[in-house]
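# Survey of secondary and tertiary structure
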Amino acid sequence: DLFGLPCGRPRPMRMAHWMADKGPVWEAIRARHGLALPIAQVASWEFADFFLNMDYDVIASMTAARAAGFTGFVDSWAMFAAQVEGYRAAGILPPR
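No experiment lies behind these values; they were computed from the predicted model shown.

## Details of a nonpolar patch on the surface
On the surface, Phe3, Leu5, Val74, Trp77, Met79 and Phe80 cluster together into a nonpolar patch covering about 720 Å² of accessible area. The residue methionine 79 is located in helix α6 (residues 76-89) in this model. Relative accessible area serves as the criterion here: at 40%, methionine 79 is assigned to the partly exposed category.

Spelled out as structure tokens, the structure:
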């Protein structure tokens, strides 16, 4: 919903391969909306591949941090939405 797109079905793919020829598409979007940065400064597809294609579960616990007195928290979805809106305001991502 944040990007105004329907959710697609899962498809295994490597982002670095899939996005290799998409520079001109981004440049067209960038020109249409007056965005500030070329795609190479906006996204690291190799990092996306690493992060999104882990073949193991990641289990994280905040127990040790809370036991040490760190009791505050940030709602992850609200933080993500605020970051996207900040990138839009800075001219890095196009408006909705």
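## Looking at the pattern of salt bridges
Enumeration over the complete set of coordinates arrives at 3 salt bridges. For aspartate 21, the salt bridge goes to lysine 22, with nearest N and O atoms at 2.8 Å. A residue is classified by how much of its surface remains accessible, and lysine 22, at 25% relative accessible area, is partly exposed. Across the pair glutamate 27 and arginine 30 runs a salt bridge whose closest N-O atoms are separated by 3.2 Å. Residue glutamate 27 and its partner arginine 30 are located together in helix α2 (residues 23-33), separated by 3 residues, close to a single helical turn. Judged by relative accessible area, which is 35%, glutamate 27 ranks as partly exposed.

What counts, and at which threshold
- Residues numbered from 1 in each chain as written.
- Predicted model: local features only at pLDDT ≥ 70, side-chain atom pairs only at ≥ 80, totals over all residues.
- Heavy atoms only, no water.
- Patch = residues over 30% accessible without salt bridge, like charges linked within 9 Å, V, L, I, M, F, W, Y side chains within 5 Å.
- Areas by Shrake-Rupley, 256 points an atom, 1.4 Å probe, with all protein chains shown as cover.
- Salt bridge = Lys/Arg side-chain N within 4 Å of Asp/Glu carboxyl O.
- Helix = DSSP H or I, 4+ residues; strand = E, 2+ residues; numbered from the N terminus.
- Buried < 20%, exposed > 50% of the residue type's maximum accessible area, 1.4 Å probe, protein only.

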